[in-house]
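Descriptive analysis of the structure
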Amino acid sequence: MAAGIRPGTRRPTGPETTGTSRPPLVRELLLVTALFVVYKFGRQLANGHETRAFHNADRVWDWERALRLPGEGAVQRLLLHNETLIQVANTFYAAVHFPATIAFLVWLYVRRPAHYLWSRRVLALVTTAALALHILLPLAPPRMLASAGLVDTAQVYGPSVYSAKPDTDTMANQFAAMPSLHFGWALMVAIGLIAATRGRWRWLWLLHPALTLLVIVGTANHYWLDALVAAALLGAALCFVPRPKPVRGGRTVAVHMRRTPAPRPAVAPEPARAPESALTSGRTGVPEAADAPELAEALR
């Protein structure tokens, strides 16, 4: 049985869901909230190690110079040319990180349940690994490193999410620079949206982690190596967590199908036969001389 598409009918041109059932909303809210609380309180465990944090900062700075990575100051000087630009960068650092990630997860939960579960598991693994590194490797950001010669743009130009005195900051651990979850989460948002959507423009989502990288380095909140370590952790998590089936491209539009009946097998025609009364007479079946005209007429 063959199937055909009527002329003029649009083909599917939009992403489709994968059929995975959406997880219970209350359970997901509790899981995400618990992960956030554990992360916030876990980061506080790295407080009180300022000496180690500054010692590690000196080592990271020397490693970057040995690797010939570009100096963080080159990016900061571009931002410092305009006070409005540096304030926009500070605002981006303070206000985009969490809302963008939450919006990403909410959209996936509503539209792509399978990709939501995949992204949530990857983010959980990356965050857990980052928390372990924050505890094991306290690191002062480059804005605190005197030898770097960088400006603490948030304190000078605002807005700032950190206290002016890191050792008394009860809202955040300022000695947890490596890895940069700002960059790690932003990169996962881009990868998740590229995987969950279709279209030539979806690759523009990579501008989000690229802009985040420029902001975290230009504001002197992170080293280049902080972003590289975050990318490495994300790559490991992506290898560990199975990716859902890809969605079909384009917007889903109904396609009308019609059935085409299968052709019947050809049957060979039977050869024409002369009437029995014209060919034979009597019970012998042998033509007689008297029947010759009728036979000739029948065979004509």
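In case you missed it, the structure is sitting above this.
Residues numbered from 1 in each chain as written. Predicted model: local features only at pLDDT ≥ 70, side-chain atom pairs only at ≥ 80, totals over all residues. Heavy atoms only, no water.

**What to know about the pattern of salt bridges**
The criterion, for reference: Salt bridges are identified by distance alone: a Lys or Arg side-chain nitrogen within 4 Å of an Asp or Glu carboxyl oxygen.
For the structure on display, the rule yields 5 salt bridges. Two residues, R143 and D152, come together in a salt bridge whose shortest N-O distance is 3.5 Å. Look at the salt bridges and you will find they share partners, linking R27, E28 and R120 into a network.

**Brief notes about unusual backbone geometry**
Selection criterion: Numbering goes from the N terminus for both helices and strands, where a helix is a DSSP run of H or I of at least four residues and a strand is a run of E of at least two.
Each neighbour pair has its own omega, and for G158 with P159 the value is -10°, a cis peptide bond. Looking at the secondary structure, you find P159 in the loop between α7 (153–157) and α8 (181–196). In this structure, P179 follows M178 across a cis peptide bond, with omega equal to -5°. Topologically, P179 is positioned in the loop between α7 and α8. Despite not being glycine, R68 shows a phi value in the positive range, around 60°. With respect to the helices and strands, R68 occurs in the loop between α2 (50–66) and α3 (72–79). The backbone phi angle of A220 is positive, close to 65°, even though this residue is not glycine. Positionally, A220 belongs in the loop between α9 (207–218) and α10 (224–240).

**So, the nonpolar core**
Quick reminder of the rule: What makes a nonpolar core is a set of buried Ala, Val, Leu, Ile, Met, Phe, Trp, Tyr and Cys residues whose side-chain atoms join them at distances within 4.5 Å. Exposed residues in this analysis have more than 50% of their type's maximum accessible area, buried residues have under 20%, and partly exposed residues fall in between, with area computed by a 1.4 Å probe over protein chains only. Working rule for contacts: check all heavy atoms of both residues, and any pair within 4.5 Å makes them a contact.
In this structure, F104 and V122 are the most contacted members of the largest nonpolar core, which totals 38 residues. The set of elements that each furnish at least two residues to this core consists of α3, α4 (83–95), α5 (97–111), α6 (113–136), α8, α9 and α10. At 9 residues, the largest contribution of residues to this core is made by α8. The contact partners of V122, leaving out residues within four places of it in the chain, are M188, L234, A237, L238 and V241. Counting 16 residues, the second largest nonpolar core, distinct from the first, contains A57, L150, F175 and M178.

**A look at the packing of aromatic side chains**
The criterion, for reference: The criterion for an aromatic pair is that two Phe, Tyr or Trp rings (for Trp, the six-membered ring) have centres within 6.5 Å, with stacked assigned to planes under 30 degrees apart, edge-to-face to planes over 60 apart and tilted to the rest. Consider the ring centre and the ring normal. A charge sits over the ring if Lys NZ or Arg CZ is within 6 Å of that centre and within 35 degrees of that normal.
The final tally for this structure, using the stated rule, is 3 aromatic pairs. A ring pair is formed by Y109 and Y116, whose centres lie 5.3 Å apart and whose planes are at 85°; its orientation type is edge-to-face. With relative accessibility at 4%, the residue Y116 sits in the buried group. Over the face of the ring belonging to Y109 we find R22, whose NZ or CZ atom lies 5.8 Å from the ring centre.

Geometric descriptors of this kind do not, in isolation, establish any biological role.
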